[in-house]
Amino acid sequence: MELNEYYVKQIFRSAGLPVLDGQITYTPEEAKEVAQQMGGDAFWLKPQMMTSAPPYTDEELQHKFFATTPQEVEQSATLILGESFHEPNPVFSSTIQRLYIEQATTLDAFCRLVFRVDFENPGITFSICQNTSQILSLQIENLKLNNDFYKKVCDKLKLKKAGIKKQFISILNKAFQLFLSYDAMAIELSPVVCKNEKLIVVNGRLVFDPDSLFRFPELEQCRETKLGHEREALAKKNAFRYTKLNGNIACLSNGIGLGLATVDLIHKNNASVACLLDVGTNPTIKSITTALKLALAEPDVDAILVNIFGGLTSCKNIAQGLVDASGEIAIGVPIVVRMVGLDATEGEAILRKSLIPFYYTSQIDLAVQEVIKQAKEGY
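Presented here is a report on the structure given in the accompanying data block. All residue numbers here refer to positions counted from 1 along the written sequence of the relevant chain. Local features in this predicted model are restricted to residues whose pLDDT is 70 or higher, and side-chain atom pairs enter the listing and the counts only when it is 80 or higher, whereas totals over whole chains, interfaces and linings include all residues. Think of the side-chain values as coming from all heavy atoms in the structure, minus any hydrogens and water.

## Re the overall build of the chain
So, point 1. Strands are runs of DSSP state E lasting at least two residues, helices are runs of H or I lasting at least four, and both sets are numbered from the N terminus onward. On a plain count of helices and strands, the chain comes out with 12 helices and 16 strands.
So, point 2. Burial analysis of the chain (379 residues in total) assigns 56% to the buried set.
So, point 3. In this analysis, two residues are considered to be in contact whenever any of their non-hydrogen atoms come within 4.5 Å of each other. Once local pairs closer than 6 in sequence are excluded, the contacts in the chain between residues at least 24 apart make up 71%.
So, point 4. Only the protein chains shown count as cover for residues, and the accessible areas themselves come from Shrake-Rupley with a 1.4 Å probe. Total accessible area computed for the chain in this model is approximately 16800 Å², and 49% of it derives from carbon and sulfur atoms. Residue exposure (1.4 Å probe, protein chains only): buried if accessible area is under 20% of the type maximum, exposed if over 50%, otherwise partly exposed.

## Let's talk about the state of the cysteines
So, point 1. Cysteine sulfurs are considered disulfide-paired once they come within 2.5 Å of each other. Evaluation of the coordinates by the stated rule reveals zero disulfides.
So, point 2. No disulfide involves Cys129; its sulfur sits 9.3 Å from that of Cys111, the nearest cysteine.
So, point 3. Among the residues examined, Cys129 registers a relative accessible area of 7% and is labelled buried.

## Quick look at the pattern of salt bridges
So, point 1. Salt bridges are identified by distance alone: a Lys or Arg side-chain nitrogen within 4 Å of an Asp or Glu carboxyl oxygen. Taken as a whole, this structure holds 13 salt bridges when the rule is applied.
So, point 2. In this structure, Lys151 and Asp155 form a salt bridge, with 2.8 Å as the shortest nitrogen-oxygen distance. Remark: Asp155 and Lys151 occur in helix H5 (residues 147–156); sequence separation between them is four residues, near one turn of the helix.
So, point 3. According to the relative accessible area criterion, Lys151 is exposed, its value standing at 52%.
So, point 4. Note that Glu298 and Lys244 form a salt bridge whose closest N and O atoms lie 3.0 Å from each other. Of this pair, Glu298 sits in the loop between helix H9 (285–297) and strand S14 (303–310) while Lys244 sits in strand S11 (residues 241–244), and the two are 54 residues apart along the sequence.

## Overview of the side chain of Ser76
So, point 1. Within the element layout of this structure, Ser76 appears in helix H4 (residues 70–80).
So, point 2. Judged by its relative accessible area of 16%, Ser76 is buried.
So, point 3. Non-local contacts of Ser76, meaning those with residues more than four positions away in its chain, are made with Leu45 and Phe66.

## Notes on the sheet that holds strand S1 (residues 22–25)
So, point 1. Strand pairing is assigned whenever DSSP detects at least two bridges linking the two strands. If you trace the four strands from one edge of the open sheet to the other, you get S1-S4-S2-S3, paired in antiparallel fashion. The outermost strands of the open sheet, each flanked by one partner alone, are S1 and strand S3 (66–67).
So, point 2. Two elements, strand S2 (residues 43–47) and S3, share two bridges in a ladder whose sense is antiparallel. Its bridge partner being in S3, Phe43 is matched across the sheet by Ala67.
So, point 3. Orientation is described by axes fitted as lines to C-alpha atoms, over the contacting stretch for helices, and by angles from 0 to 180 degrees between their N-to-C directions. Contacts from H4 reach S2, S3 and strand S4 (99–103), with the element oriented near 20° to S2.

## As for the packing of helix H2 (residues 28–38) against H4
So, point 1. For the pair H2 and H4, the least separation of the axes is 8 Å and the interaxial angle reads 155°. With respect to each other, H2 and H4 are oriented roughly antiparallel. Once H2 is placed against H4, the crossing between them reads as right-handed. Contact with H2, carried on its side by Pro28, Glu29, Ala31, Lys32, Ala35 and Gln36, involves Pro70, Gln71, Val73, Glu74, Ala77 and Thr78 of H4 and no other residues of that element.
So, point 2. Of the residues assigned to the contact of H2 with H4, the class counts are six nonpolar, three polar and three charged. Angles below 35 degrees are treated as roughly parallel, those above 145 as roughly antiparallel, those between 65 and 115 as roughly perpendicular, and all remaining angles as oblique. By the definition used in this description, the sense in which the near helix is turned from the far one sets the handedness, with an anticlockwise turn below a right angle giving left-handed and a clockwise turn giving right-handed. By the convention adopted, Pro, Cys, Tyr, Trp, Phe, Met, Ile, Leu, Val and Ala count as nonpolar, Lys, Arg, Asp and Glu as charged, and the other residues, Gly among them, as polar.

## Observations regarding the sheet that holds strand S16 (residues 358–361)
Neighbouring strands of a sheet are bound in pairs by backbone hydrogen bonds; such pairs are parallel or else antiparallel.
So, point 1. Ordered in space as S11-S13-S12-S14-S15-S16, the six strands form an open sheet in which the pairing is mixed. Both outer strands of the open sheet, S11 and S16, are each paired with one neighbouring strand and no more. Strand-to-strand twist in this sheet, taken as the mean axis angle between neighbours without regard to direction, amounts to 15°.
So, point 2. Two elements, strand S12 (residues 249–253) and S14, share five bridges in a ladder whose sense is parallel. Counterpart to Ile249 in the pairing with S14 is Ala303.
So, point 3. Across the sheet, H9 is in contact with S11, S12, strand S13 (273–278), S14 and strand S15 (335–341); its angle to S13 comes to roughly 170°.
So, point 4. Sheet strands in contact with helix H11 (residues 344–352) are S15 and S16, and its direction is about 155° off that of S15.

Structure, rendered in structure tokens:
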């Protein structure tokens, strides 16, 4: 289950995490008024849409969605609101209808932090990334952060100043407690930046288990469930096919024949498919990344089965697409990967070097049994 950015920021703020001041707006006049109330000389106008990743890039934040005065905010909002939205980012609404006006700051990332449920080793994993590389991964023992954990993290980031270390440890504690309190699948702080000796969480992500929603009624109003033909259109634009079904397992395959056969196997094992994503016989890394984002954005998906036969399709491209997607969004459900054929060994190696929580096999019967088991049991 995914939340829009402004909901995540509300939750972060209530948990005491240092986020930037911001407010949702629907008209240029509202945008100007919010900017005036916040004050300052730099503002972001962030589109809030049905996406599985922020519908803007860092470059766009620095230019297209950036303003320096309330008047500029109003002028930019007039141009942006109602604008048709298109690639390179996935989007499930045809026009921009609301903007999150936020005080802007530098985008020079200090680091990216992730707490997530570990699929391969039952428990919780914490990781730190700088730029696009992971620099540290630790298992959390006994659901507690201890002094040894803080020391390893601070040493890895070469934190020397006492004030910065204190702020960083506070952020770690608050993020971890938020992760535990909502029984979340993952929490991302991306990025955390340092400005004038102060750490700020610029953006973030929370991934919840939909089955636990009944324990958090306050999240019901935040749930993003407005799905429609936009997904089919987005799939077509990225050269793959998207078919919405009524189950809880997402299937990604290369070829409609293989995809339908996979759906049949799942049904024969008394389970059902939520959506079928056919990436074709010669998919690009970008189309694989987009397809996985679509599957992860489905609120009813409890597990994903990737079933690839490498004839014309390179399994390396499939694997790299999955890895690229995992670098942009939290993967909050188990993934079972079955790949055979062209570049399957290289594809498996790419996956095993990544942070993706996956189960790998070359046997389709075993893959189907495992994905059904994971959909029932979760992590």
